[in-house]
Amino acid sequence: YPLLQGGMAWVSYAGLAGAVSNGGGLGIIASGMLTPDTLKEQIEIAKTLTDKPFGVNIMMLRDDVDDIFQTVLDNPVAVVTTGAGNPGKYINDLKDKGIKVATVVASIALAKRLERAGADAIIAEGMEAGGHIGELTTMCLVPSVSETVDIPVIAAGGIIDGRGVAAALMLGAKGVQMGTRFICSEEAEINIRVKERVVEARDRDTTVTGRCTGHPVRVIRNKLARQMEALDKANAPDELMKLGKNSLRRAMEEGDIDGGSLMCGQGAALVKKIQPAAEIILDVMKQTESIIRGSQSVVKD
């Protein structure tokens, strides 16, 4: 299926990646919470769980990004996705190992630059997404990037079900990346309180914090998020960064849904239940096919 699972730090371990790949999607291990050694372990575990292709997501912001790329080069996977930066200097080495490269972008300019650098696909991620975001919406970004580059475009940001997938394909994307929906997969190794909070989320429950740092992040609003909003207004990036340290781990591992960072997309309100990853994929793709074939009317009488 033309469906990638987003690489979410403290969420996307080998268990989830393997389940998604076995279910017909492309599972992704997030490296953001891993050391080079633990990333190697997770790749090895995933290979015992699935014989299907899977990938690794690499955040360009981390200080040891060179070591993380080297770990993937030494332990090749099918795909590397990258975010929060330009992976241009690593692309040739990855491709020499037979690794496909898909890069997350939030603008046409970066998409064009990465196409020239040799990226195999562009993940055009709108600001509806959870975690680090840009300024453009998925509805505007995806068609703009699709008509600008010649390599495949994967749509991301706010895509939760088959309606979102069908819309993305109509906008020119060749596939989609979904993160928030897989937070509520049974295989996501996070605290159950986080999954329950996502299922409970309403349409206006997310907010964007960290704008004053230059790296805005979408989260579900809670006590921590309100404190960060105040620091944003006070233009206090150092205090905000200090407050946010280890907050994602506190949420995902410890279940601190008040003082932890609940990175989550705007589409959380459309997530209705916790279910196996393979079931999520099948539900989404059945609905997509139904819409595209016209058996589900989009206009009510």
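The preceding data block contains the structure.
All values derive from a computational prediction rather than experimental measurement. (Residues numbered from 1 in each chain as written. Predicted model: local features only at pLDDT ≥ 70, side-chain atom pairs only at ≥ 80, totals over all residues. Heavy atoms only, no water.)

Describing the pattern of salt bridges
Taken as a whole, this structure holds eleven salt bridges when the rule is applied. In this structure, the salt-bridge partner of Arg211 is Glu135, at a minimum N-O distance of 3.6 Å. With Arg211 in the loop between strand E10 (206–209) and strand E11 (217–220) and Glu135 in the loop between strand E7 (131–132) and helix H6 (138–146), the pair connects residues that are 76 residues apart, well separated along the chain. For the salt bridge of Asp205 with Arg202, the shortest nitrogen-to-oxygen distance reads 3.6 Å. Residue classification places Asp205 among the buried residues on the basis of a relative accessible area of 10%. Given a relative accessible area of 60%, Arg202 falls into the exposed group. Overlapping salt bridges bring together Arg197, Arg202 and Asp205 as one network. (Salt bridge = Lys/Arg side-chain N within 4 Å of Asp/Glu carboxyl O. Helix = DSSP H or I, 4+ residues; strand = E, 2+ residues; numbered from the N terminus. Buried < 20%, exposed > 50% of the residue type's maximum accessible area, 1.4 Å probe, protein only.)

A word on the sheet that holds E7
Strand order in the open sheet formed by three strands is E7-E11-E10, and the pairing between neighbours is antiparallel. Each having just a single partner strand, E7 and E10 make up the two edges of the open sheet. Inspection of the sheet shows E10 paired to E11 by four bridges, in the antiparallel sense. Opposite Thr206, over in E11, you have Ile220 as the bridge partner. Sitting on the sheet, helix H10 (residues 223–233) touches E10 and E11, and the angle it makes with E10 is about 40°. (Pairing = 2+ DSSP bridges. Contact = heavy atoms within 4.5 Å. Axes fitted to C-alpha atoms, helices over the stretch in contact; angles between N-to-C directions.)

Quick look at the packing of aromatic side chains
Overall, the coordinates contain one aromatic pair when judged by the stated rule. On the basis of an interplanar angle of 10° and a centroid distance of 3.8 Å, the ring pair of Phe69 and Tyr90 is categorised as stacked. Residue Phe69 is located in helix H3 (residues 65–74), and its partner Tyr90 is located in helix H4 (residues 88–96); the two are separated by 21 residues in the primary sequence. (Phe/Tyr/Trp six-rings, centres within 6.5 Å; stacked < 30°, edge-to-face > 60°.)

Quick word on the side chain of Asn222
One can find Asn222 in the loop between E11 and H10. In this structure the side chain of Asn222 is engaged in a polar contact, spanning 3.2 Å, whose partner is the backbone oxygen of Asp258. Those residues in contact with Asn222 that lie beyond four places of it in its chain are Ile257, Asp258, Gly259, Gly260 and Leu262. (Polar contact = N/O pair within 3.5 Å; in protein donor to acceptor, adjacent residues only side chain to side chain.)

A word on the sheet that holds strand E5 (residues 100–105)
Reading across the sheet, the eight strands line up as E1-E9-E8-E6-E5-E4-E3-E2 and stay open at both edges, with parallel pairing between neighbours. Only two strands of the sheet have a single partner each, and these edge strands are strand E1 (3–5) and strand E2 (27–30). Averaged over all adjacent pairs, the angle separating strand axes in this sheet is 25°, with direction ignored. Relative to strand E9 (residues 175–178), E1 runs parallel, the two being bridged by three bridges. By the bridge assignment, Leu4 is partnered in E9 with Gln177. On top of the sheet, H6 reaches E5, strand E6 (121–125) and strand E8 (153–156); it is set at about 155° to E6, its chief contact.

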